[in-house]
Amino acid sequence: MEDVRKHFEGRFDGKEIAMVGDRYATDILFGNLHGMLTIYTEPLTAEGELAIVRTMRFLEDHYVSFLSNSQKLQPPSHPLYRPDLCTIST
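None of the values given here were measured: they were computed from a predicted structure.

Bringing helix 3 (residues 51-69) into the picture now. Since the α-helix advances by 3.6 residues per turn, residues separated by three or four positions end up pointing in the same direction. Compared with an ideal rise of 1.5 Å per residue, which puts 19 residues at 27 Å, helix 3 spans 27 Å between its outermost C-alpha atoms and is within 8% of the ideal. All of the buried residues along helix 3 are Arg57, Glu60 and Ser68. Angular distribution of buried residues about the axis of helix 3 spans 65°; they occupy a single face of the element. Those residues of helix 3 that are exposed and aimed more than 90 degrees away from the buried face are Ile52, Phe58 and Tyr63. Lining the buried residues of helix 3 we find helix 2 (24-33) and strand 2 (37-40).

A few words now on the side chain of Glu49. Mapping Glu49 onto the fold places it in the loop between strand 2 and helix 3. Excluding residues within four positions of it along the chain, Glu49 makes contact with Arg54 and Arg57.

The subject of this paragraph is the environment of Arg5. Summarising the element assignment, Arg5 is placed in helix 1 (residues 2-8). Placed 29 residues apart in sequence, Arg5 and His34 show a C-alpha to C-alpha distance of 8.4 Å.

Now for unusual backbone geometry. The phi angle at Lys72 is positive, at roughly 60°, despite the residue not being glycine. For Lys72, the location among the structural elements is in the segment after helix 3. Take Lys72: its relative accessible area is 63%, and that puts it in the exposed class.

Our next topic: the pairing of strand 1 (residues 18-21). Burial along strand 1 is one-sided: the face carrying Met19 and Gly21 is buried and the face carrying Ala18 and Val20 is not. As defined by bridge partners, strand 1 adjoins strand 2 across 4 bridges and the pair is classed as parallel. Residue pairing for strand 2: Met19 is matched across the bridge by Thr38. Handedness of the crossover joining strand 1 and strand 2 through helix 2: right-handed.

Analysis parameters
- Residues numbered from 1 in each chain as written.
- Predicted model: local features only at pLDDT ≥ 70, side-chain atom pairs only at ≥ 80, totals over all residues.
- Heavy atoms only, no water.
- Helix = DSSP H or I, 4+ residues; strand = E, 2+ residues; numbered from the N terminus.
- Expected span 1.5 Å × (residues − 1).
- Buried < 20%, exposed > 50% of the residue type's maximum accessible area, 1.4 Å probe, protein only.
- Arc of directions from axis to C-beta.
- Contact = heavy atoms within 4.5 Å.
- Pairing = 2+ DSSP bridges.
- Right-handed = clockwise from strand over helix to strand, strands pointing away.

Honestly, it's all geometry; don't read function into it.
Structure (structure tokens):
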């Protein structure tokens, strides 16, 4: 992730970049910490995925579900987010 940050540093403001990823604790967290619009996707395939990655994704999914349902936390707002073009589902 440090390579990604260095690549964009000085070129773009994080508010101009979207981070698309299938892991909350890596892709989405990194994007949010750097002011990016974040888009969570399901993995394209689980083929060849390590057991630890599947386990972590399972735990991340349940934790995010808990935070959004029980604790009523919502994703951060972002100037690039267009509710007329997107839907948020959990």
